[in-house]
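# Secondary and tertiary structure notes
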Amino acid sequence: MRWTVVLVLAACGGAPPRGPAPIAKPDPGPLVAKRAAADRTPVDPIVALTPVIGADVSWLAPGQAQLELDGPPIENPGGGRPIEVAIIDEHGNRVRVAVRLDHARFSLWTDRNRLFGVIRRTQRVVAGFDRMGDAHATVNAGARVKRIGHRNAETRIRYFGALEVEGWVPDAVLGDSGPMHEPRGRFPSGHRTLMVSPGAVIRSEPKWAGDELAVMANGYFLDTLNELEDGWTEVSYDDGDVSIRGFVSTRLPPGQVHRPKTDPELQPVPITPNTKVASGTCLYSRVKGDPIGYIVGDREVDLADADLGWFTLTIDSPWGPISFAARGATRSDLTPCAPVGTVPPPTPPPAPVPPSVP
C-alpha cells in the first residue's frame, strides 16, 4: 500500500494562518459615564435643603454662580465671609450646593475651586525645610483653608484667622467637607503674654532667615516661653484651629498678610422690599422652571409680575440680590413647597371684621 503525503507550505515570509477577525469593542469610557449617570440617584433639591444633624458641611467663597447648571450667571458676586453649605450634586468641575440662610433656603451651582478645603485630621504644616523640632505650625481637624498650590501628593494651603499660616500638607488630610466645627478663641496657657502688632512673623529659628511659620493677622497676643538675645522671644499660640510654637522679633519689619478683599464700594446694594410673602413660599430657578428653594418665615421681598401666574421674587443673599421665580394665582397667594415641619408656619391672614350693627 502506498501513502500519498500532501504538504502545504507557506511561502517564505508569509503570514501564518489566522482565525476570524476579532470583533471591535466600543470604547468603554462613554458607556461607563452613561451607566454611572443612569445609576446615580436623582437629587431632589427641595429635600436636600433640610438640615441634617451631624452631617458634614462645606465652606464656600461667594462668587459667580448659577441657579441652573447652564443658566445665566448671578450678576452680583458678593464677597466677604465664607458661607456654610452642603454639597448635593456635582457635574465636572461644577458643584451644586444647598444654601441655608435664616430667611431662605435654596440650591445653586458654582465652581468647585470656590470651596474651601477642610482639614480632616490634625496636621503639621511644612513651610520650608521641616526640621521636626519643637518649632511648628499645626492646623487642627475642622479648620477651613484655601488651596493655593499643588505638587505631587501635597497641597499648599493658607489658613486665615487670628494668625495666618501657609505651607504644604498631604492631599490625604484635605476634604471638600467635614464635621461641623465652631472656631474657638485663644486658649489661656498661664504663660506671660506678649503683645505684638499685625504682621509680626513667627519663625522656625531665632534668626531672620528662619522659615516663616505664621504671621499675626487679626490677633495681638502670644504666650511667652523664653526671652532670648537680640530681641527674640520664643512664643506659642493655641486656639481651636491652630497651634503655633516658634520665635518672634519685634525689631524686624512686618510680614505680608493676605486679608480677604471686601471693598465697600463693590458691595451690592440691598433690595427695596415691596411685599411680604408667606413662610414656605416656593422659589423656582426661572419662570416655568424647577423648584429649588423656599422662604423661611414670613419675609419682606421684592415681588414683580413676570408671566401669567408667575412672578419674579428677589431676596438679599451673600451673593447680593438674587431673583427667583414664584408661582401663584395672585401676589398674595403664592405656591408653597417647603417640606412639612421644616419652616415656621405662615402667619394666618387677619380675621374679617364683622359688619357693625346699627
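Structure: above.
So, how was this worked out
Residues numbered from 1 in each chain as written. Predicted model: local features only at pLDDT ≥ 70, side-chain atom pairs only at ≥ 80, totals over all residues. Heavy atoms only, no water. Pairing = 2+ DSSP bridges. Helix = DSSP H or I, 4+ residues; strand = E, 2+ residues; numbered from the N terminus. Polar contact = N/O pair within 3.5 Å; in protein donor to acceptor, adjacent residues only side chain to side chain. 1 Å grid on protein atoms, 1.4 Å probe; cavity = no way out; pocket = protein on both sides within 12 Å on 5 of 7 lines; lining within 4 Å. Points joined across faces, edges and corners; volume = space filled by probe spheres on them. Nonpolar A, V, L, I, M, F, W, Y, C, P; charged D, E, K, R; others polar. Disulfide = S-S within 2.5 Å.

A word on the pairing of strand S10 (residues 154-160). Where strand S9 (residues 144-151) and S10 come together, five bridges link them in antiparallel fashion. Bridge assignment links arginine 151 to a residue of S10, and that residue is glutamate 154. What sits between the antiparallel neighbours S9 and S10 is a turn of two residues, in which asparagine 152 has the positive phi angle 45°. One ladder, built from seven bridges, connects S10 with strand S11 (residues 163-170); its direction is antiparallel.

Its location among the elements puts threonine 110 in strand S5 (residues 104-111). At 3.1 Å, the side chain of threonine 110 and the backbone oxygen of glutamine 64 are in polar contact.

On to the layout of surface pockets. Its volume calculated, the largest pocket comes out at about 890 Å³. Gly80, Pro82, Phe116, Phe160 and Pro260 are the residues nearest the centre of the largest pocket, which is lined by 27 residues in total. Of all elements in the fold, only S9 and S10 reach the threshold of two or more residues within the lining of the largest pocket. Across the lining of the largest pocket, the residue classes break down as 11 nonpolar, six polar and 10 charged. In this model, the second largest pocket occupies a volume close to 330 Å³. The set of elements that each furnish at least two residues to the lining of the second largest pocket consists of strand S19 (275-277) and strand S25 (333-334). Of all the elements, S19 adds the most residues to the lining of the second largest pocket, at three residues. Class assignment of the residues belonging to the lining of the second largest pocket gives a composition of eight nonpolar, five polar and four charged.

Pairing of strand S1 (residues 58-60) with strand S3 (residues 83-91), which is carried by three bridges, proceeds in the antiparallel orientation. By the bridge assignment, leucine 60 is partnered in S3 with isoleucine 83. Bridge analysis of S3 against strand S4 (residues 94-100) gives six bridges, and the strand direction is antiparallel. The residue of S4 that forms the bridge with aspartate 89 is arginine 96. Between S3 and S4, which pair antiparallel in sequence order, lie two residues; one of them, glycine 92, sits at a positive phi of approximately 60°.

On inspection of all chains with the given rule, the structure shows one disulfide. The residue that forms a disulfide with cysteine 282 is cysteine 337, at a sulfur-sulfur distance of 2.3 Å. Sign of the S-S torsion, about 85° for the bond between cysteine 282 and cysteine 337, identifies this disulfide as right-handed. Pair noted here: cysteine 282 is in strand S20 (residues 282-284) and cysteine 337 is in the segment after S25, with a separation of 55 residues, a long-range link.

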